[in-house]
Structures are given as C-alpha cells and as structure tokens.
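# Structural overview for review
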Amino acid sequence: MKLKEVDRTAMQAWSPAQNHPIYLATGTSAQQLDATFSTSASLEIFELDLSDPSLDMKSCATFSSSHRYHKLIWGPYKMDPKGNVSGVLIAGGENGNIILYDPSKIIAGDKEVIIAQNDKHTGPVRALDVNIFQTNLVASGANESEIYIWDLNNFATPMTPGAKTQPPEDISCIAWNRQVQHILASASPSGRATVWDLRKNEPIIKVSDHSNRMHCSGLAWHPDVATQMVLASEDDRLPVVQMWDLRFASSPLRVLENHARGILAIAWSMADPELLLSCGKDAKILCSNPNTGEVLYELPTNTQWCFDIQWCPRNPAVLSAASFDGRISVYSIMGGSADGLRQKQADKLSSSFGNLDPFGTGQPLPPLQIPQQTAQHNIVLPLKKPPKWIRRPVGASFSFGGKLVTFENVKIQSQQGAEQQQQQHHVFISQVVTEKEFLSRSDQLQQVVQSQGFVSYCQKKIDASQTEFEKHVWSFLKVNFEDDSRGKYLELLGYRKEDLGKKIALALNKVDGPEVCIKEGKQESEFLPSAGGTFNISISGDIDGLITQALLTGNFESAVDLCLHDNRMADAIILAIAGGQELLAQTQKKYFAKSQSKITRLITAVVMKNWKEIVESCDLKNWREALAAVLTYAKPDEFSALCDLLGTRLESEGDSLLQTQACLCYICAGNVEKLVACWTKAQDGSNPLSLQDLIEKVVILRKAVQLTQAMDTNTVGVLLAEKMSQYANLLAAQGSIAAALAFLPENTNQPNIVQLRDRLCRAQGQPVPGQESPKIPYERQQLPKGRPGPMAGHTQMPRAPAQQYYPHGENPPPPGFIMHGNVNPNTATAQLPTSPGHMHTQVPPYPQPQRPQNGWNDPPALNRVPKKKKMPENFMPPVPITSPIMNPLGDPQSQMLPQQPSAPVPLSSQASFPQPHLAGGQTFHGIQQPLGQPGMPSSFSKPNIEGAPGAPIGNTIQHVQSLPTEKITKKPIPDEHLILKTTFEDLIQRCLSSATDPQTKRKLDDASKRLEFLYDKLREQTLSPTIINGLHSIARSIESRNYSEGLTIHTHIVSTSNFSETSAFMPVLKVVLTQANKLGV
Amino acid sequence: MVSVINTVDTSHEDMIHDAQMDYYGTRLATCSSDRSVKIFDVRNGGQILIADLRGHEGPVWQVAWAHPMYGNILASCSYDRKVIIWKEENGTWEKTHEHTGHDSSVNSVCWAPHDYGLILACGSSDGAISLLTYTGEGQWEVKKINNAHTIGCNAVSWAPAVVPGSLIDQPSGQKPNYIKKFASGGCDNLIKLWKEEEDGQWKEEQKLEAHSDWVRDVAWAPSIGLPTSTIASCSQDGRVFIWTCDDTSGNTWSPRLLHKFNDVVWHVSWSITANILAVSGGDNKVTLWKESVDGQWVCISDVNKGQGSVSASVTEGQQNEQ
C-alpha cells in the first residue's frame, strides 16, 4: 500500500535505524532530467509522519546543492544510541567526488552543511556503502576499477582494498559483508563480482557465471549468512537475481527469474532475510524470498521503472522506490486498503500549474513508458509469508490463580538451505508466588480458625504487636474469647476494679485521714447530745420558715423546691427521698439541671441510666471513659448499639487517631462491617499485608461474635464482602486457591463472592460446593411439588449418556451456578415447603445474555405440542428469556430454573443482584453443559435450541409445559403505551389472516408470543425513552401501512440502542414488519 | 517464586505465538505459525488435547477466551486476514463465525468486559480496528475504525468495566451505563484510546505518545476498585511505559518508564490483581515487575523456561510500611 509520495527525480537515503523520527533524504539524481529540464540540484530531507494520513511527506529542509548525485547513503557515524546526532549523509557525485553532509545542520537550515569532500575518484561515484560494524568506514567505487575505503575520522587519505582488478571497469555496486566486518564485495556491469579481504588487502574470490550476460546492477550480502550474496542483472536478456554461496562459488546457488526485463536495483531487508526487493525495467517491484526464489509480493506500482529502491531501516514494513517519472513513493508491504481519503494535496496543486506541459504546446508530454494496463487493486494483499518482525517469538501472560503462561522460541539456527532444526514447542505454566509473608500469615489464620485456638492466637498477636494501637486491638479481640468480657474490656481501658478500689481507699485516706475521722468522731460526740435537746422550729417568713411550714403541712414538693431554690441540695435530695420515687426523680433532674460540676453529667447518666446521652455528647477525648461507662452500665441489648454509636462519632471526627480508636468500639460492638469500613479508611487496604492485617481481625471478630453474642454472622455486608473477595483474590493470585475458598464467606449472596467462589471451585477442578455429589443434581425427590417440570425433565434424562459427554471424564461438573444461600445439603431448607416465595431459584451470578428459546423457526420438537396448547395468553416462555428488568423477581419465570439441585434462596436475596437475569441456569454451560443439560441451548443466544433433529430434548421444554399459570399477575401496560400492544397485535392478526403457508403462520404465532417481552418491558416501564419513542414511531408507520418506514425506524432503534435492552423483542418485531410488508396487509 | 507446575508439549510444528488460559485457568489455548489453534485441558498438571482447530490459512497470532457466561468461546486472529470465533458445542469445538473484514494480517483480538455483551475488538496491519458485536441468532454486527494506526495496529486491550459514578446512582433494574473504552497500539508509535459515543460510534479519545518505535502491545490493567486507570505499553524501541490516569474525566495520562530493554518488547500482561506486570522481550526474556511503595517499578523476577526466583525487596518494603 502506498503511504507517501514526493515528486522528485532523486536518489534517496533513509535515516539510520537509531534515528527517530524517521527521515528520508533525497538528492537530485545525476544523468536524469525530468520534464522541466531543470538542471538545479538540491538535497532535501523529509520526515515520515505516519500519523498524518495524507500522502504528502513533510519536508524538513532543502539545501540547494551544486552537485547532482549518483548515490546517496546515510550512515550512523558518531550517532549516539539516543539518536541525538543524526549521523552523516554521504553522497557520490558526478565528478569523482564524495561529499559528507551533516543532516542535522541541513535540518537546522545551516548554510555550512558540508563536513568534508574529496574528489579522489575518477568518474561518477556510483557505489557507496557503510560498514555496519565500524560505521566510520565507508567503501566507494567509481570508474577504472577504483575502490576506496574511507575512514571518516581521517577523511583525507582513503585506503584501497587491494590492487585494482584488471581490466579496468566501472564499479557499479559495493557492499560490506553483514557478518564479517573486514569482507567487502564489489561488482561491475561486466558481470563480475569480487570479494575483498581487507586484512589481507587483496581480492579473495571472484564470482562470475561465465555467461557474460550478467550486467551487475545490484549486489547485496545475506543479512545472516556470511558466505551468501545476491547479484542482480540489468541485462534484459538475463533479468535475474543470482544467489551465490562463496563456499561453492563456481555457479550460483539459485537463480531468481521473476522479472521480465533487466533489474535496476535490489534491496535485502535487514529485518527479515527472506525478503529481497527488486525492481526492473518491466516496471515491477517484487519482493521475493531469495532463499527459495518464491515471489512473496508484488507492489502495486505505476507503470514506471524504478531505479532505486530502499528498505527503511527503522520501520521494517516500509520501503521507498524512486521511479523515472520523477517520483519517490513510500510503500508498506503489509497491504491494506488505500481508501479514498488518502489524497495528495500536491497533486491538485501541481496540476493546477499545468507542469505536465512545460513547453506550452498544449499537449502534455507523453509518458516515458507506454502505459501497460495494470490491474487496479483496491485492496492490496499483504506478503504471502508473514515477515519475521511480526512473528511474536515469546510471550508471558498471567491467568487466574497466579499462574503465568510462558513460551519462547529459541532462535532458529538456519544452516545453509537446511530446514530449521526440530524444535520443542513447549508452553510452561508456572505458579507465581510473590507474597510469602502474606501467605504464611494467612495460613496461620486458617489454622487458628480450624483449631479454634483464638486466645493464644490473639496473645501471640499482642506479643508481636509493634504499635500500641495494634496491641489494643488484639487485646480487645482476645477479650471476646474470655469470661467476663466486659470487665476485661474495662481493664483494657484502664479501669481495673481492684485497682480502683485501692485507689479510692487511698484517696479517702489522704483527704480525710485517720485524724479527721477521729475528729469527726469527736464532733459527733459533741453534737449528738444536743440533738436530743430541744430545737427551734422556726416558722418565720424566711426560707427556713417556709420550708418548715411546708414540711409541717406535708408538702414535700414545695419543701424540695424551696431547698433547691436556696441551693440546699442535700436537704432537697433527702427530702425528696422521703417524698417518694416520683419526687426523687424530679428532684434529681432539677438538681442536675442546676449543678455545674464536671462530673455531673456522668452522675446524671449513671442515675438516669441515659447512656445514649453520654455517648452522644461526651467530649471525644473522653471516648475511653464513655466506653468504660457503657461497658459497666449498659444493658446487653443496648450495649452493641452504644458501642457502635461511640465508634461512629469517633470515626466521623477528623482526627485520624480517634478514627482508629473507633475500631476498638466496633470490636466491642462486634460490628464487623463497621470495623472493616473504619479500618479501610485508616489503612491502605490494597497492600496485601495490610489487607491481611484487617482480615485477621475480621475473621477473629466474626468468630468472637459467633461465640459470645450468638449473633447471626451469616450476614455479610457489602464492604466486608468486597474485602473478603479482595482477600480471596489475593490468595488466589498467589496460587492458594483452597485457602481462598476457605476464607470466602459462605452464606452470602454478594455477587462478587458468588462469582469468585465459582471461579475458584472450577479453577481447582472441583464442583461448586453445595453440589459435591454428582448425584445431587438429580435429587429430584427433594424438589417440592408444584414444579413437576424440572423433575420430569430430569427423570427423562438418562444420566449415563450425559456423563459421557463430559469432556474431562471426571466427576460430572457442577451444573452451573447456584446461589449459596444455603450450601449445606443437610439442612432442611432443601425440603422447604414450596411457596411462591421459596421456589427453587437460581440466580446466575452474571447477567444472562439474551437467549430466546423455542423460536418460531424451531423445528417442532417432541414435547412442544402440549406446551403450545397450554400457553396462557400472557405467558412468556420462561427459560432463558430475560432481561433484567422485566422479570420481577417473584415472577414465575424466574422459578423455571430447573435442572440444578437448587438450593432454595429466599427471594429477597436476589434483590442484591444488579441484573437478575434469570435464565436456564445455563450461565456456565461450558464444561458442564453437555452433561446435565443436553437440551439446553448449546450455543450462546441461539434461539434454536432444539434445532438438531435427534438432539436430546432439554428440560427447558418440559418446564414450559409445566409452567404454573396461575401465579402470573402482571402490572398493566401504561395507558399511553397500550397503543403499541394493540397496534402490533392487530398487525399480527392482519398478517395471520392473509398469510397462507403454515410456516409464516407459525412465525407470526411465535412472534406474537415473543412480543410479550416487549409488553413486559412496557409494564415494568424499563425501556429508555428513545426506544419507546421509536416504538411509537413504528406503531404510527404501521397505522399508515408504511412498513418500510417502520423497518427503517426499527433499524435505527436497533443500531442506537443497547443490545440487551432490545434484543428480546426487536428481532421479532422486524419479522412482523417484514411479513406485513411482504403480505401487504 | 516462579515455579513450573506444568510443561505442555504443544506439538505445534512451528513457532508458538500466543498461549492463553481460560477464565478458570483450567484450559490452555495456543496458536502457532503452523496455522493451528490448540486447546488443552491442563488441570492437575496434566495435558489433554481437547481440540486442534484448523481453519486459518496463515500463522495464527493471538487467541482470546470469552467470558464463560457466554459458553466456551475462543477467538483467534491470523496473518490470513481472518478472525475466527470458535465455540464448544456438546464437547466439540467448531468454528462459529469467521470475520473477513480486514485487508491485512489481524494481529490482535481482545474480548470486551463481559458486562457489555459479547464484543470482540480486532486490530489489523491494514491500520483498522474492527469491533464485532454478537447481536443474537448467530449474527455479528461489525463496526470498523479505519486508519486507526497507519500501517498497522498491533494490539488492542479493553478497559475494565467501570461505571461512571456510583452503582447506587443507577436507576434500579436498569443496565448500568457503562462507558466502553479500549486502548490500541500501532506501527505509528502511538497508543490510542477509543471511546464509544452515545450514538454507538467509536471515537478517538486520546493519543499517548512516548514510544519512538512500533508499539507492540498494550495492556489495560484490571480494575481493583481504585479510581486510577493504568495501561502498560511496550515497544520495538525496548521501552515499557506505565500510563496512569487519576482524574475522573480520564483525559490526563502520564507515562512512567518502567524500563528500557535492549531488545524489542513483545508483550505485557497484568496479573489478575493488577499488581504484577509480566514483560516478555525479543531476547526470550520474561521478567516480572512490581510497583514498590514509593511508586518505583522494580523487577522482582527473571523467568527462564518458566522458572525464576522472586526478589524480596518489594515485599520487605511493604513490611517496613506497617
């Protein structure tokens, strides 16, 4: 495929492979004139920008030269590996001169671009080559058998490879060997090639086939094999490429006779030694395999001869060819279609200047060649053989369970012409384990869970803790497994009862030391006697008097009020006690309201038993105290909630320290989900070890909660599920699939966990647990009555044949996904009485693809007849129908899932599925499919599951038969959409009445049924407005009998809408529309 | 530790070009220059040839397993310009679809996340990328991006299914509104990111430029619940870049050089947990890389013939972090 074009009659040289971006240098070629007869010359540099889709090449620089060129090469001399210095352009001129240019200066627009020049040669310099091992060495050839070796470091004095060959002749080609750096070959139009050894400084071998008709226009060494080279002949009588091996230099090894006329240039790909380009006077550019002679590719060229052809060293698929019509074209040999967009701007421009007619004769110049009719390929095929550079030799891919799949291909040592040696084509499957510590800790944890040695585990963790906080957490966790957990919690918070007792005693002693006590005693002795004396009951008007009066009248309430008012707290409380419970309570309240002491609120809470208040309003610095108080006083039923509340407050505080403390509260509360949430916030959970840290705690806490609080730990929150599945994923990624399974919470419907469990089980090559026994799928007796369908299906299904389909010949695989709502087959749930809410339902963990079944085009199958008869009007064929929305979960369709030993799941659990597509339990009908459900759709979404005559008839059909009709209660279709139903149904009726052949009728019959999908979606109002609008448009076009318009709208809807949203009914609708159109109803 | 647990003698008669395990890691699919695709059951260290699939007329470059919810489906692409989708029916593997819409070698195939349905992206040397969507009843709809990469697309890789915003925001029962994206790499040295517009058309969203030679492979990292998107790319120029994008709009990608190898790097592959990158190069060298805590990519293993040790440096780094 042509990529770029430049209108130049020029020699060309690609920038060296190291150079990025890729440049193409062009130098006006000598001895050629284009139609302008211009004799000016220039050296230009273009950039190959493949991200630009146009045919134009970006010109980077133009330098007006005083020379025209016979040969141009671009050597990587002094180029650093980064390609910062752009090497050196070496040009062979007309008058024995060799000129070195600095391409970077040309690009920069410098005036002084010539590094050096030398005109030591005689005649035009047609041959130039750079030694690839020592890039400072350049060989050149000119007339009179002149060959010089130039050292770019010392350009003034060239060397010779040896004595000149006799008779003197022109040197047309020169080439350094690609494997041995001191070997050089030269060739001349006479047909002779000479190989020089520069160490010996003499020619070592002459190659000639004595036909005397070779006219060497090209010479190239084999890129890989040191002793092989090719020679191309320009002679029309012998338009061949000869492949020589110097080990047998008496005649060519192979002769490639693919050109009809003389060959003008050749180029051997350095990237793939099986690709040799040649262009000839037959106007062809061929790419052949010189090792076999086979033509791999013919470039679609114009009718012009090409005189120079070059592979791009950096981009191995790219080559350039210079043709006599004054054009350099850049091609890709990878084929591809040249689409119409590729237009060259310059073409239009230049034609507007009319330079096809430089003489103003009114006639464009005739083309140089008589145009030959060439086939116009719109599509250009790639090489017959894939080039080496696209053959990926090595690969390493990860797969589930931390497995790494690797393969490598040892480089082929191809001997001369020999077949490649026999290789072992092995693929290695390796286990990658990168987290050793993680695994060993996980292993420990698993053992602990099994051995129930929680206390010692926690103790170990406490001992190993590096931070105070970690220690606390583990201590708290440990307490869960000990007696008197609350007391122990208190101790952990720093409130040891015995210690406190001592402290109080001490405090009392200090304040009211023994002396005071004695003193008190004395005072008592002083005052007691007087107590026995008379005292004055004052009834004066002061407060005392009033209180007295109130007391005397038995009005405790007023007396207390008075005392409070007078700030006689003790009196008030004492009086209140006497006044009864109610008054006491009131008084306490009033007291607390007035009292301002620091500990009042605590006292308040203690007395009022209002712990919520404390927890809600205490200063968070005192969380420890608040927690202690809760631990001491809270009733068991409010304990967890209070701890939670405190934790939540701590967590919501910005302080990260407090946030982590919240974890302790959650541990006390036994709230796993919140612990996870809080921990995740505080820690980087993506790191395996920190996840391990969390999981250790979570697992222990869950166990603790199970043991101590007898709470239902089966409920797994979203976050916990996420963390646990993350954890299990990590374990699996380290190859510990069994461990991953062990840690996955069992009784949960979280989709990610269910999916992961299935994956793990199958990765282990085991059936999904809960179906350990292969027989379970057939334990139909357990299935409740009322669902005879699946049972019937199973009973009719021969087991043995089913098993033999199982490709692995092992245990019959698990029949698809089940929800592990209850994985224990022993539990009674398996025999729960049937109720609509407890149908055996299998919710596939993945949304099911649409799989309409029993389509209209199904051939009649054995047991379908009854089904049809029984079909209630609004019945939808149950099994793999479905789209998420339209099946409300309690819908009978959802209960049609059949063939599995279904563990009953409370329907509510399904609600957690984002897309409860309910389909025939067919989610994974890969391995197991042939076994359990021979009749299930074996092709994804294939409507015709009963297609193959003689194929086993699936359960599905029987389910259909047995479908309980009475349970279907559907919502009405919204009024505004009812028109859709009536229109479509009416149309089908019209079609039916005018259709004649039974096949069409059957199609329409089925279509009518299938449109129920649509109606259901309408009922559920789950269709997007665009689709609804589209449907209404279709309905309108049906009204107007414009079915083709309807079909157009249909196509539009299908192409713009979500496939799964519409796939249940749109195809059917199309059938109806098409039929209507055909029948012209 | 990287230790061989199974050596599968594929009996391919020519170079192997790809080897991929299925979703569960129990089956191995291989493809080769001998034009065949083979499927092996490799459970428990065994190797049972399940299928030897013939149908391609040229070297087969890549194979890709579809998610098992669609059944056992394998896609393969070849130099013969074809993509073939194979399917197991009743224990027998058969061709179920042949896509002939490319004009040159098809170099890469990749299945979209299963949430989108059955969609296959194919990158070809004709510069185009085609997207095949299963529309039911044996039909595949084809969308084509022409001129995706001049002179050839070498690799395609889908972004994991991520829903913009939270799942909770989605109207219940409705299909989440996924934004479909994939990355491609090509002979124009570019990585391009493509996004499906609301009208179902694919549009170039980003050009990622850092490589100075053909991009040989791109691999979008699996989502591990973090907001960051990550892409690994490798090139003929020996460089492997890790591209990350933190912003929600998904438009600012920054490259980080993982390493410059001395030879072409052919393939990059993320572990399922997206924390290890396997890099395979032209010198038959397979290396494993992991990001250390300070964000540097560290080579943790040199894998030779499936064997290698794992250096502990990175693991220790994590320990210190505790």
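Counting restarts for each chain, with residues numbered from 1 along the sequence as it is written. Written order determines the labels here, with chains lettered from A and ligands numbered from 1. Since the coordinates come from a predicted model, pLDDT governs what is reported: local features require at least 70, and pairs of side-chain atoms require 80 or more to be given and counted, while whole-chain, interface and lining totals use all residues. The basis for the side-chain values is all heavy atoms of the structure; hydrogens and waters are excluded.

### As for the overall build of chain B
The condition is simple: Strands here are runs of E lasting at least two residues and helices are runs of H or I lasting at least four, both read from the DSSP assignment and numbered beginning at the N terminus. Only heavy atoms enter the contact rule, under which two residues are in contact if any of them lie within 4.5 Å. The accessible surface values rely on the Shrake-Rupley method and a 1.4 Å probe; as for residues, cover is taken only from the protein chains in view.
Summing up its helical and strand segments, chain B has one helix and 25 strands in all. Taking contacts inside chain B between residues at least 6 apart in sequence as the whole, the part at least 24 apart equals 43%. Element-wise, carbon and sulfur atoms account for 44% of the exposed surface of chain B, whose accessible area totals about 11,100 Å².

### Some words on the overall build of chain A
Tallying secondary structure elements over chain A gives 33 helices and 33 strands in all. Look at the contacts in chain A between residues 6 or more apart in sequence, and 60% of them connect residues 24 or more apart. Accessible surface, chain A as shown: approximately 46,600 Å² in total, 53% of it carbon and sulfur.

### Structural notes on the environment of isoleucine 309 of chain A
Residue and element names in this part refer to chain A. We count it as follows: Partly exposed residues are those whose accessible area sits between 20% and 50% of the maximum for their type, while under 20% is buried and over 50% is exposed, using a 1.4 Å probe and protein chains only.
By the secondary structure assignment, isoleucine 309 is in strand β26 (residues 306-311). Given a relative accessible area of 1%, isoleucine 309 falls into the buried group. The spacing of isoleucine 309 and glutamine 12 is 297 residues in sequence and 8.2 Å in space, taken between C-alpha atoms. Sequence-distant contacts of isoleucine 309, defined by excluding residues within four places in its chain, comprise Gln12, Ala265, Ile266, Ala267, Leu277, Cys279, Ile285, Leu319, Ser320 and Ala321.

### Let's talk about the UniProt feature "repeat: WD" (unreviewed entry) in chain B
Where we set the bar: UniProt positions are given in the numbering used here, feature names are shortened, and annotations may be inferred rather than shown by experiment.
As annotated by UniProt and renumbered to match this structure, "repeat: WD" (unreviewed entry) occupies residues 9-50, 53-96 and 208-243 of chain B. The annotated region residues 208-243 of chain B carries 0% helix and 56% strand content, and the separation between its end C-alpha atoms amounts to 9 Å.

### As for unusual backbone geometry
Residue and element names in this part refer to chain B. The backbone of asparagine 147 sits at a positive phi, close to 55°, despite the residue not being glycine. Within the fold, asparagine 147 resides in the loop between β13 (139-145) and β14 (153-158). In this structure asparagine 147 comes out as partly exposed when scored by relative accessible area, which is 25%. A positive phi angle, close to 70°, is found at asparagine 189, a residue other than glycine. Locating asparagine 189 in the fold gives a position in the loop between β15 (181-186) and β16 (190-196). What makes asparagine 189 buried here is its relative accessible area of 14%.

### Quick word on the confidence of the model for chain A
All names here are of chain A. For clarity, the cut-off: pLDDT is defined as a per-residue confidence score from the predictor, taking values between 0 and 100.
In the predicted model, chain A carries a mean pLDDT of 71, and 67% of its residues have values of at least 70. Segment residues 340-358 is flagged for pLDDT under 50; beyond a separation of four residues in sequence, or across chains, it makes 28 contacts in the model. Below a pLDDT of 50 lies the segment residues 366-377, which in the model reaches nine contacts outside its immediate sequence neighbourhood of four places, other chains included.

### Considering the sheet that holds strand β11 (residues 137-141) of chain A
Residues and elements named next belong to chain A. Here is the rule we go by: Paired strands are those between which DSSP finds at least two bridges. Lines are fitted to the C-alpha atoms to define the axes, a helix being fitted only along its stretch in contact, and any angle between axes, read from their N-to-C directions, falls within 0 to 180 degrees.
One open sheet holds the four strands; their spatial order is β10-β11-β12-β13, and the pairing between them is antiparallel. For this open sheet the edge positions go to β10 (127-130) and β13 (154-159), each flanked by a neighbour on one side alone. Between one strand and the next, the sheet's axes are offset by a mean angle of 25°, whatever the strand orientation. Both β11 and strand β12 (residues 147-151) contribute to a ladder of five bridges, which runs antiparallel. By the bridge assignment, leucine 137 is partnered in β12 with aspartate 151.

### Some points on the nonpolar core
Keep this limit in mind: By convention a nonpolar core is built from buried Ala, Val, Leu, Ile, Met, Phe, Trp, Tyr and Cys residues, the set being connected through side-chain atoms within 4.5 Å.
In this structure, Trp623, Leu627, Ile667, Ile700 and Leu760 of chain A are the most contacted members of the largest nonpolar core, which totals 82 residues. Take this core: its biggest share by element is ten residues, from helix α19 (residues 688-709) of chain A. Look past the residues within four positions of leucine 627 of chain A in its chain and what remains in contact with it is Phe476, Leu493, Cys643, Leu646, Cys665 and Cys668 of chain A. Counting residues in each nonpolar core, the second largest holds 79 residues, with Met57 and Cys287 of chain A together with Ala75 and Leu118 of chain B among its members.

### Some thoughts on the packing of aromatic side chains
Rules: Between 30 and 60 degrees the pair is tilted, below 30 it is stacked and above 60 it is edge-to-face, where a pair is any two Phe, Tyr or Trp rings, Trp via its six-membered ring, whose centres lie within 6.5 Å. Consider the ring centre and the ring normal. A charge sits over the ring if Lys NZ or Arg CZ is within 6 Å of that centre and within 35 degrees of that normal.
In the structure shown here, the tally under the stated rule is 25 aromatic pairs over all chains. Seen from their ring centres, tyrosine 727 of chain A and phenylalanine 743 of chain A are 5.2 Å apart, and the 80° between their planes marks the pair as edge-to-face. Of this pair, tyrosine 727 of chain A sits in helix α20 (residues 718-733) while phenylalanine 743 of chain A sits in helix α21 (residues 737-743), and the two are 16 residues apart along the sequence. Of the two residues examined, tyrosine 727 of chain A and phenylalanine 743 of chain A, each falls in the buried class. Ring geometry for phenylalanine 261 of chain B and tryptophan 289 of chain B: centres 6.0 Å apart, planes at 80°, overall edge-to-face. In this pair, phenylalanine 261 of chain B sits in the loop between β21 (254-260) and β22 (265-270) while tryptophan 289 of chain B sits in strand β24 (residues 286-291), placing the two residues 28 residues apart along the sequence. In this structure, phenylalanine 261 of chain B and tryptophan 289 of chain B share a single accessibility class: buried. Through successive ring pairs, a cluster of aromatic residues spans Tyr116, Trp158, Tyr178, Phe182, Trp194 and Trp202 of chain B. The cationic tip of arginine 759 of chain A hangs over the ring face of tyrosine 23 of chain B; the distance from NZ or CZ to the ring centre is 3.7 Å.

### Notes on the environment of aspartate 103 of chain B
On the secondary structure map, aspartate 103 of chain B appears in the loop between β9 (92-99) and β10 (106-111). With relative accessibility at 9%, the residue aspartate 103 of chain B sits in the buried group.

### Thoughts on the pattern of salt bridges
If charged atoms from side chains of opposite charge come close, those side chains can pair. Filter applied, for reference: Criterion for a salt bridge: a side-chain nitrogen of Lys or Arg within 4 Å of a carboxyl oxygen of Asp or Glu.
All chains considered together, the criterion is met by 38 salt bridges over all chains. For lysine 82 of chain B, the salt bridge identified is with glutamate 57 of chain B, shortest N-O distance 2.5 Å. With lysine 82 of chain B in the loop between β7 (73-78) and β8 (83-89) and glutamate 57 of chain B in the loop between β5 (48-54) and β6 (60-65), this residue pair connects regions lying 25 residues apart in the sequence. Classification of lysine 82 of chain B by relative accessible area gives buried; the value is 9%. Residue classification places glutamate 57 of chain B among the exposed residues on the basis of a relative accessible area of 51%. Salt-bridge contacts for arginine 239 of chain B lead to aspartate 237 of chain B; the nearest nitrogen and oxygen are separated by 3.4 Å. The network of salt bridges with common partners includes Lys2, Glu5, Asp7 and Arg327 of chain A.

### Focus: the sheet that holds strand β3 (residues 27-32) of chain B
As a general point, the strands of a sheet are linked pairwise by backbone hydrogen bonds and lie either parallel or antiparallel. Residue and element names in this part refer to chain B. The antiparallel open sheet is built from four strands, whose spatial order is β2-β3-β4-β5. The open sheet has two edge strands with one neighbour each: β2 (16-21) and β5. When the angles between neighbouring strand axes are averaged without regard to direction, this sheet yields 15°. Strand direction decides the pairing type here: β2 and β3, joined by five bridges, are antiparallel. Bridge assignment links aspartate 18 to a residue of β3, and that residue is cysteine 31.

### Section: the environment of glycine 308 of chain B
Residues and elements named next belong to chain B. Note on placement: glycine 308 falls in the loop between β25 (297-303) and α1 (313-321). Sequence separation of glycine 308 and threonine 287 is 21 residues, and the distance between their C-alpha atoms is 9.1 Å. When sequence neighbours within four positions are dropped, the list of residues in contact with glycine 308 reads Met1, Val2, Ser301 and Asp302.

### Some points on a nonpolar patch on the surface
Which entries qualify depends on this criterion: Each patch is built from residues that are more than 30% exposed by relative accessible area and take part in no salt bridge. Like charges join if they lie within 9 Å; nonpolar side chains (Val, Leu, Ile, Met, Phe, Trp, Tyr) join within 5 Å.
A cluster of nonpolar side chains, Ile132, Phe133 and Met270 of chain A, forms an exposed patch at the surface whose accessible area comes to about 270 Å². With respect to the helices and strands, the residue methionine 270 of chain A is situated in the loop between β22 (263-268) and β23 (276-280).

### Some points on helix α30 (residues 1025-1039) of chain A
Residues and elements named next belong to chain A. Filter applied, for reference: One less than the residue count of a helix, multiplied by 1.5 Å, gives the span that helix is expected to have.
The end-to-end C-alpha separation of α30 is 21 Å, in line with the 21 Å expected for 15 residues at 1.5 Å each. Burial in α30 covers these residues: Ile1027, Ile1028, Gly1030, Leu1031, His1032, Ile1034, Ala1035, Ser1037 and Ile1038. Among the residues trailing α30, arginine 1041 stands out with phi positive, at a value near 60°.

### Overview of the pairing of strand β20 (residues 239-245) of chain B
All names here are of chain B. In terms of burial, β20 is largely enclosed, as five of its seven residues are buried. Pairing between strand β19 (residues 229-235) and β20: six bridges, direction antiparallel. When the sheet's bridge partners are listed, serine 233 is paired in β20 with phenylalanine 241. Hairpin connection between β19 and β20: a loop of three residues separates the two successive antiparallel strands, and glycine 238 in this loop has a positive phi of roughly 85°. In this sheet, β21 lies alongside β20 in antiparallel orientation, the contact comprising six bridges.

### Details of the pairing of strand β33 (residues 426-432) of chain A
Among the seven residues of β33 of chain A, seven are classified as buried, and the element is accordingly described as predominantly covered. Side-chain alternation along β33 of chain A places His426, Phe428, Ser430 and Val432 of chain A on one buried face and Val427, Ile429 and Gln431 of chain A on a second face that is also buried. Of the pairings in the sheet, the one linking strand β32 (residues 403-408) of chain A to β33 of chain A comprises five bridges and is antiparallel in character. Bridge pairing links phenylalanine 407 of chain A to valine 427 of chain A in β33 of chain A. Relative to strand β1 (residues 2-9) of chain B, β33 of chain A runs antiparallel, the two being bridged by seven bridges. Bridging across to β1 of chain B, valine 432 of chain A finds its partner in valine 2 of chain B.

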